[in-house]
Structures are given as structure tokens and as C-alpha cells.
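Observations on the three-dimensional arrangement
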Amino acid sequence: MWCFQQYYPSMELLRYTNSGTEATLLALRLAAAYTGKYKVAKFEGHYHGGYDQMLVSVSPSIEKAGPEKEPFSLPDSKGIDPYHLEHTIVLPFNDLESCESILRKHQDEIGALVLEPIQGGFIPAEQEFMDGIRSLTKQLGIVLIFDEVKTCFRVGLGGAQALYRIKPDLTALGKVIGGGYPIGVVGGNREIMMTSAPVAAADVFDASQSKRSSAQDVLFHSGTYNGHPMILAAGLATMNVLEKESEMVFSRTEELKQELESMFQKKNIPMKAIGIGSIFSVVLTNKENIRNYRDLQEADFLTRRDIDFYLLNEGIYTKPLNRYSLSTAHTNEVIQKTILAYERVLNKLFA
Ligand SMILES: Cc1ncc(COP(=O)(O)O)c(C=O)c1O
């Protein structure tokens, strides 16, 4: 019988939500309840869902984003209460020294550090950085949350935590695990997860005055469709397919990456196909190493935009300026068709 813990042993207990957004939101509340500290730290350029607390410095304008080593907290949407800019602290990815100095400064206020272990699904954390973040958060009493909504079952069946051999305190999963239907999962350390166990108290829906204790004594989590059986069945069916076919998806992705890189190389266009497993992005850059949001800003997005548009005219839709996420639906035939379309596009654009 398939179970999450088989691939994600760090998820000792888990709860279902309806989306990745709700999963990270719940993880943050669990961390706050467990630590009694309400500020959160996140990385510049990392996305965790569309709510106020996390719509901070996902894609800030570089002119306004402040120093690279201590980025400002900037809103990513209209309507974000400035309160969140004060309470969400922004860190530079893959820069352990700067992270340490910021985290130490706010250690009495920060209850959670949430990150995409592979930024945007394609810019990997360096192993040393990841090891450092794990031991630092442990030392400072900060709950480490891996947001693996994108990376789960994509960078390997066990996600980024298996790749890096790191045990986060909490993990948020989503996307792939619903097999195309809306889902999120939060799981992790038993003691932290137990903060939401209904054994502690009655919850907000218990209107009787004979409560064992106040709803404030338990972490609230509920949702009409949480753990919907149809969605879980779709997810289970997807897992069964991926167990057999994910290696094939990974090798097709690798083939596409290599073909594209050599095609660009022949035309003397600096490009890196960056990513692991079944996700990567075509980044037009001269930079040796893309390590974070600031590095990415130096890439040639205008040409990438042209490529996306020309590919669309060839019948190939790539999410504009974004990563490519491959699946079992991308057969050899589809990969070959994409490669040929790319060839025609590059010939047109760089004749
Ligand atoms: C890393 C990450 N976290 C959270 C989310 C939010 O998930 P959802 O769109 O299911 O709410 C996303 C969605 O793109 C994501 O990529």
C-alpha cells in the first residue's frame, strides 16, 4: 500500500488541504503555534502561494529591492497590508553568511523559515547552504519548512529533501500529488503536527458553552473538501504511474535539456538549461552560476520572450518566461517535435 512516509519519512503526521497555498499557510500557523514566535522568514524570489503574508518579494523590482545581502520586504500585489512587510523577513538565497546574520538579529521573533529548496523549481540550493540552514534553524528554535509544492515527485520521488538528505520540520506538498486536481498536504514532526490535534480542546465550530477548554487552545484547521476521496484517488493513481515512469520522464527531460543547450551553443547564444529531474528553465545568460533571484535578473528575458512567442507560432506553448515541467504525456514524439520547433525558431531569430 502506497503512503507518503515511504518517500517523505520526515512527514510523521499529515493533514490535507485544497491547495499548495493553504498548505504553506497551515505550515506557518503550525510553526507560530509551536514556537510562540510570529514573524516568518522567506527568500527573495520564492513563491509560496497568493496570500498577504507570503506575497512579499517574490519578484521585486531590482531598483527597489535593497541590498543583495539584506533585501527589503516588498509587496507583490496591490492590497497587501504593510503589517506583513514588517512581519515577513526576506533573505538572500544561497548566501549562508547573510542569512545567519539576519536570522540571528531576529531570532526571538522568527518562528518559521520557509523556502523552496529549489527556487522556482529550477535554481537549486547548494548543499552546503542547505546543511547550514538546517543546523542554524535548529539552533535558533526556528521551524524549517520545505515548500515542495513544485519539487515533490519532480526532482525525484522523495523530492528535494531526499536529494539533499535534509529532514525539514514541516513540509508542504501539492500539484503533482493531486493528479491534476486541487490538493495540498502538510506534514512533519509529530510534536509540531500535534499542535493541531483536536485532543487539546474543542474547536471554533463547537458553539456549546460546555467546552472542555477554549478554541484558542488548539490550532484550527478545517475545510469542506480537505482530503476529498476523489482527489486522493486521482493522486494515488498518479503516484502508481510515477513509480513506474518517473525515471523515463527524467531521462526525456535530460535529453531535451542537452539538445537545447547544444543547439544554442552552435549558434553561440549563451544559454543554460537549469534544473533537476523533470523541471528546468531556459535561461539566457553568460553567468557561470545562477544561484538566486539577483543572478537571474541578469539573464536576457527579452530574447527568451521572443523565443516563447515564436514557439507559440510553431504550436509549442511554453509558460512565458517560466520553467518547463515535463510529464508522462511528453512522449518521445512530443520531445522531438519540440526540438524541431526550437531549431526553426532559433534559425528565424538568429539567422
Ligand atoms: C512552491 C509553491 N508553493 C505554493 C504554491 C501554491 O500552490 P497552489 O497554486 O496550489 O495554491 C505554488 C504554486 O505555484 C508553488 O509553486
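Since the structure is predicted, the reported quantities are computational estimates derived from the model, not experimental observations.

Phi is positive for Ser57, which is not a glycine, with a value near 50°. Position of Ser57 among the secondary structure elements: in the loop between strand S2 (39–43) and helix H3 (82–87). Residue classification places Ser57 among the buried positions, given a relative accessible area of 0%. Positive phi, close to 65°, is recorded for Asn94, a residue that is not glycine. Within the fold, Asn94 resides in the loop between strand S3 (88–91) and helix H4 (96–105).

Right, let's get into the sheet that holds strand S10 (residues 272–274). With antiparallel pairing, the 3 strands of this open sheet are ordered in space as S10-S11-S12. One side of each edge strand has no neighbouring strand; the edge strands of this open sheet are S10 and strand S12 (324–325). Strands in contact with helix H8 (residues 229–266) are S10, strand S11 (279–283) and S12; relative to S11, the strand with the most contacts, it is inclined by about 10°.

Interfaces are often described in size by the accessible area the parts lose on coming together. When cut into domains, the chain gives domain 1 (4–236) and domain 2 (246–349). For domain 1 and domain 2, the distance between their C-alpha centres works out to 29 Å. Domain 1 puts 29 residues into the contact, and the matching count from domain 2 is 22 residues. Contact between domain 1 and domain 2 buries roughly 2000 Å² in total, counting both sides, with carbon and sulfur atoms accounting for 57%. Inspection of the region where domain 1 meets domain 2 yields 2 salt bridges. Put simply, Glu44 and Arg294 hold a salt bridge, and the shortest N to O gap is 2.8 Å. Our enumeration of links across domain 1 and domain 2 arrives at 9 residue pairs in polar contact (both at pLDDT 80 or more). Every element with two or more residues in the side of domain 1 that touches domain 2 is listed here: strand S5 (118–119) and strand S6 (123–124).

The next subject is the packing of H8 against helix H11 (residues 332–349). The interhelical angle for the contact between H8 and H11, taken along N-to-C directions, is 15°, at an axis separation of 11 Å. Overall, the two elements H8 and H11 adopt an arrangement that is roughly parallel. Handedness of the crossing formed by H8 with H11: right-handed. Of the residues in H11, those in contact with Arg252, Glu255, Leu256, Glu259, Leu260, Met263 and Phe264 of H8 are Asn332, Ile335, Gln336, Thr338, Ile339, Tyr342, Glu343 and Leu346. Here the contact of H8 with H11 is built from residues that sort into 8 nonpolar, 3 polar and 4 charged.

So, on to helix H2 (residues 20–35). End to end, H2 covers 23 Å across 16 residues, agreeing with the expected 22 Å (1.5 Å per residue, within 8%). Following H2 by one or two positions, Gly36 adopts a phi angle in the positive range, close to 75°.

On to the pattern of salt bridges, then. Using the criterion set out here, one finds 15 salt bridges in the structure. Measuring nitrogen to oxygen at the nearest pair gives 3.2 Å for the salt bridge that ties Lys39 to Glu109. Residue Lys39 is located in strand S2, and its partner Glu109 is located in the loop between H4 and strand S4 (110–115); the two are separated by 70 residues in the primary sequence. What makes Glu109 partly exposed here is its relative accessible area of 33%.

A few words on the sheet that holds S3. Read across the sheet, 7 strands follow the order S1-S9-S8-S7-S4-S2-S3 without closing on themselves; strand pairing throughout is mixed. Taken across any chain shown, the strands that pair with only one partner, and hence form the sheet edges, are strand S1 (13–17) and S3. Sheet twist, expressed as the mean angle between neighbouring strand axes with direction ignored, is 20°. Bridge analysis of strand S7 (residues 143–147) against strand S8 (residues 170–174) gives 3 bridges, and the strand direction is parallel. What sits directly across from Asp147, in S8, is Ala172. Against the sheet, H4 makes contact with S2, S3 and S4, and its axis sits at roughly 160° relative to S3, the strand it touches most. The strands touched by helix H5 (residues 127–140) are S2, S4 and S7; relative to S7, the strand with the most contacts, the crossing angle is about 140°.

So, how was this worked out
- Residues numbered from 1 in each chain as written.
- Predicted model: local features only at pLDDT ≥ 70, side-chain atom pairs only at ≥ 80, totals over all residues.
- Heavy atoms only, no water.
- Helix = DSSP H or I, 4+ residues; strand = E, 2+ residues; numbered from the N terminus.
- Buried < 20%, exposed > 50% of the residue type's maximum accessible area, 1.4 Å probe, protein only.
- Pairing = 2+ DSSP bridges.
- Contact = heavy atoms within 4.5 Å.
- Axes fitted to C-alpha atoms, helices over the stretch in contact; angles between N-to-C directions.
- Domains from an automatic or database assignment.
- Buried area = accessible area lost by both parts, 1.4 Å probe.
- Salt bridge = Lys/Arg side-chain N within 4 Å of Asp/Glu carboxyl O.
- Polar contact = N/O pair within 3.5 Å; in protein donor to acceptor, adjacent residues only side chain to side chain.
- Parallel < 35°, antiparallel > 145°, perpendicular 65-115°, else oblique.
- Left-handed = near helix turned anticlockwise from the far one by under 90°.
- Nonpolar A, V, L, I, M, F, W, Y, C, P; charged D, E, K, R; others polar.
- Expected span 1.5 Å × (residues − 1).

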